[in-house]
Amino acid sequence: MKMLIMFQNKPVPVYFTTDNKQPVQKVLKLLTSALDDKINNGKKALKKCLNSLISIEIEGSEAILHSKSENDSLALSLF
């Protein structure tokens, strides 16, 4: 399944499978909350990834953050 979220005034596609045990809205709320927190309080490497974020893939309880540079992609725990 694919959905769009707004992050830093740009749409970011979020991909996840329907076998996720958590409701979609809860996962998206946790994701946006974590991203907002990390852009304000995260380390330099995480902020670099978030500034060039192109898509997010939800796998279980982790969000794989894909950035323009493959070297900057990271995994973020949601739960």
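Only a predicted model underlies this, so the values are computations on that prediction, with no experimental measurement involved.

J.: Could you give me a rundown of the side chain of S67, with the residues and numbers involved?
T.: Tracing the sequence through the fold places S67 in strand β4 (residues 62–67). S67 sits in the buried class, given a relative accessible area of 5%. A polar side-chain atom of S67 sits 2.7 Å from the main-chain carbonyl oxygen of S69.

J.: Tell me about the pattern of salt bridges, and please be specific about residues and values.
T.: Taken as a whole, this structure holds one salt bridge when the rule is applied. Across the salt bridge formed by K48 and D72, the nearest N and O atoms sit 3.9 Å from each other. Of this pair, K48 sits in helix α2 (residues 44–51) while D72 sits in the loop between β4 and β5 (74–77); the two residues are 24 residues apart in sequence, bridging distant segments of the chain. Residue classification places D72 among the buried positions, given a relative accessible area of 17%.

J.: Describe the nonpolar core, naming the residues involved and giving the relevant values.
T.: L31, L35, I56, I58 and L65 are the most contacted members of the largest nonpolar core, which has 21 residues in total. Contributions of two or more residues to this core are made by β1 (2–7), β2 (10–16), α1 (24–41), α2, β3 (53–59) and β4. Top contributing element to this core by residue count: α1, with six residues.

J.: Break down α1 for me, citing the residues and quoting the values.
T.: Residue pairs spaced three or four apart in an α-helix point in one direction, given the helix's 3.6 residues per turn. End to end, α1 covers 25 Å across 18 residues, agreeing with the expected 26 Å (1.5 Å per residue, within 8%). Looking at α1, one finds that the buried residues are V27, L28, L31, A34, L35 and I39. Mapping the buried residues of α1 onto a view down its axis gives an arc of 130°, with all of them on the same face. Opposite the buried face of α1, at more than 90 degrees from it, the exposed residues are Q25, K29, N40 and N41. On the buried face of α1, the contacting elements are β1, β2, α2, β3, β4 and β5.

J.: I'd love a proper account of unusual backbone geometry, names of residues and values included.
T.: Non-glycine residue Q8 carries a positive phi angle of around 55°. Secondary-structure assignment places Q8 in the loop between β1 and β2. Relative accessible area serves as the criterion here: at 37%, Q8 is assigned to the partly exposed category. Backbone geometry at N9 places phi at a positive 60°, although glycine is not the residue there. For N9, a relative accessible area of 78% gives the class exposed.

Thresholds applied
- Residues numbered from 1 in each chain as written.
- Predicted model: local features only at pLDDT ≥ 70, side-chain atom pairs only at ≥ 80, totals over all residues.
- Heavy atoms only, no water.
- Helix = DSSP H or I, 4+ residues; strand = E, 2+ residues; numbered from the N terminus.
- Buried < 20%, exposed > 50% of the residue type's maximum accessible area, 1.4 Å probe, protein only.
- Polar contact = N/O pair within 3.5 Å; in protein donor to acceptor, adjacent residues only side chain to side chain.
- Salt bridge = Lys/Arg side-chain N within 4 Å of Asp/Glu carboxyl O.
- Core = buried A, V, L, I, M, F, W, Y, C linked by side-chain atoms within 4.5 Å.
- Expected span 1.5 Å × (residues − 1).
- Arc of directions from axis to C-beta.
- Contact = heavy atoms within 4.5 Å.

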